[in-house]
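Each chain is listed here by its residues.
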Amino acid sequence: MSTPPLASGHEGPHALRPLLDTVLEALDTGARARGGPLPAGGPEAVAGRIREAVGDVLPDRGDPHAVRTLVHAFAATAADPAHPLCAAHLHCPPLAVAAAADLAASALNPSMDSWDQAPGASELERLVATALAREVHPAGTPDSLVTTGGTESNQLALLLAREVHGGSVRLVCGANAHHSLPRAAWLLGLPEPAVVPAPGGTLDPDALDATLTRLSGPLFVAATAGTTDAGLIDPLPEIAAHCAAHGARLHVDAAYGGGLLFSDRHRARLTGLGAADTVTLDLHKLGWQPVAAGLLAVRDAHDLTALRQRADYLNADDDTEAGLPDLLGRSLRTTRRPDVLKLAVTLKTLGRSGLGALVDQVCAHARQFAALVDAHPDFELHAPPVISTVLFRPTGVTDTTVAAVRRALLTDGSAVLGRARLDGRLWLKATLLNPATGPDDLAALLHLAATSRATLVEGHTPR
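Rules used throughout
Residues numbered from 1 in each chain as written. Predicted model: local features only at pLDDT ≥ 70, side-chain atom pairs only at ≥ 80, totals over all residues. Heavy atoms only, no water. Pairing = 2+ DSSP bridges. Helix = DSSP H or I, 4+ residues; strand = E, 2+ residues; numbered from the N terminus. Axes fitted to C-alpha atoms, helices over the stretch in contact; angles between N-to-C directions. Salt bridge = Lys/Arg side-chain N within 4 Å of Asp/Glu carboxyl O. Buried < 20%, exposed > 50% of the residue type's maximum accessible area, 1.4 Å probe, protein only. Contact = heavy atoms within 4.5 Å. Expected span 1.5 Å × (residues − 1). Bend = angle between axes of the 7 residues up to and from the residue.

Peer 1: Break down the sheet that holds strand β6 (residues 249–254) for me, citing the residues and quoting the values.
Peer 2: On the basis of which strands lie adjacent, the open sheet formed by 7 strands has the order β2-β8-β7-β6-β5-β3-β4 and mixed pairing. At either end of the open sheet lies a strand with only one pairing partner, and these are β2 (143–147) and β4 (194–196). Neighbour-to-neighbour, the strand axes of the sheet open up by a mean angle of 20°, direction not taken into account. The pairing of strand β3 (residues 170–174) with β4 spans 3 bridges and is parallel. Within β4, the position partnered with V172 by the bridge is A194.

Following this line, the structure appears as structure tokens:
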């Protein structure tokens, strides 16, 4: 058996070219076979199609057509975030330019744990990390670390706070906080979090003030800029003021809302963000990157010294003293891929104005969809959207029916809507992250929800 071709090296591009043609063709035929935003039939039917395509996972003899077969099946059974009727989650359609850059990262396969594995990538990461940190913290000595997303960033922020305070800190967060924050407190062996009421979906600043007055010891307050259920933003200036008055460390989980920084029109919604000691960002949400593309921005780069580790084979003292960059303190992970390349290519290709225009488009789509819901007699709108999430529900039905409407759409593969519980009721959730969505797509999404409702409630499909 001859050695299979490699993706890098002098022959790498020549070996990849025909494979890329095969992959692109399989992506196309798979999408056509799927026909909509989601494969029809539900979990068991989809699992059956995958089992049929895969067959023997590890056969005695390899299959030269495996790339075509499995990529076709992968696409045919995918939830396609680029489809305008796929609007359930903070799951963005990635930009083609970012996906293309990600291919280069995969082919060259740098590992970001030592300079001799990633010489150029390490400098590129430094430049991008500094630039994005300054978007959050324009003054001082900010920095940022590339992470796998909001969960890792939130855990890292709490870890840094614990180390800054000498090994102990208590998490104070709103009832609307992302589940990764209390989980991070549990993983780090910290005390039970103090949970502050969040009436209407945002943290109550007066209740926060009372909580901070009552508690003692080092405190870590976590606010949210873009909740996963409704895209709401906590009152950051008031929260920052209370943290300053009580000497509490402030973290803002802006995994969703952080992308508003690129928009001149919407950036003001993040007023107060710069007062945070640490900020979570996710550019695989309002940044249109392939997963993963998270960051943790810190106001004071000195806080990152807590992550320093020494491993002689990666960052020996004499190598560091000789000028080789020390990368081991740039992450909780050791081996990690160069996710920075796709970020750098996107930022350079689109610029602030290009990214800001995409943010403005999806926010406008949310307002348009909310107006359609508000004008429809069979639906109730929860509230005008803050970012690009719209909560709505059929009128005159129970939560059980709301859940059934969503599952019916998922089962037939016609539309993908999320769900959120707010104000004691269950809502359908449309998370609009596709800039290419048009007015007809928004109308079709609502029509499908109305059809599903009528079928379940009235027993017939309307014309």
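Let us keep going from here.
Peer 1: Please set out the pattern of salt bridges residue by residue, giving values where relevant.
Peer 2: When the charged atoms of two side chains lie near each other, side chains of opposite charge can form a pair. The full count for this structure, using the stated rule, is 23 salt bridges. Linking D102 and K342 is a salt bridge whose minimum nitrogen-to-oxygen distance equals 3.8 Å. On the criterion of sequence distance, the pair formed by D102 in helix α4 (residues 96–108) and K342 in helix α12 (residues 340–375) is long-range, its members being 240 residues apart. Residue classification places K342 among the buried positions, given a relative accessible area of 0%.

Peer 1: Outline the sheet that holds strand β12 (residues 425–431), supporting the account with residue identities and numerical values.
Peer 2: With respect to topology, 5 strands assemble into an open sheet ordered β1-β11-β12-β10-β9, the strand pairing being mixed. Both outer strands of the open sheet, β1 (86–87) and β9 (379–381), are each paired with one neighbouring strand and no more. Across 5 bridges, the pairing between strand β11 (residues 416–422) and β12 is antiparallel. Bridge pairing links R419 to L428 in β12. Seen against the sheet, α12 touches β9, β10 (389–394) and β12 and runs at an angle of roughly 15° to β10.

Peer 1: Quick one: what's the story with unusual backbone geometry, residue by residue and with numbers?
Peer 2: At the junction of V291 and A292, the peptide bond is cis and its omega measures out at 5° in the coordinates. For A292, the location among the structural elements is in the loop between β7 (278–282) and β8 (294–298). Even without being a glycine, W288 presents a positive backbone phi close to 60°.

Peer 1: Pulling in residues and values, what's your account of the pairing of β8?
Peer 2: Extensive coverage of β8 is indicated by the burial of 5 of its 5 residues. The alternating pattern of β8 places G294, L296 and V298 on one face and L295 and A297 on the opposite face, and all of these are buried. Where β7 meets β8, 5 bridges bridge the pair, whose relative direction is antiparallel. For T278, the partnering residue across the bridge sits in β8 and is V298.

Peer 1: Pulling in residues and values, what's your account of helix α1 (residues 12–34)?
Peer 2: With 23 residues, α1 should cover 33 Å at 1.5 Å per step; its first-to-last C-alpha distance of 32 Å lies within 8% of that length. The principal kink in α1, of about 25°, is found at P18. If you check which residues of α1 are buried, you get G12, A15, L16, T22, A26, G30 and R34. Considering only its buried residues, α1 is in contact with α3 (66–76) and α4. Residue G35 follows α1 closely and has a positive phi angle near 80°.

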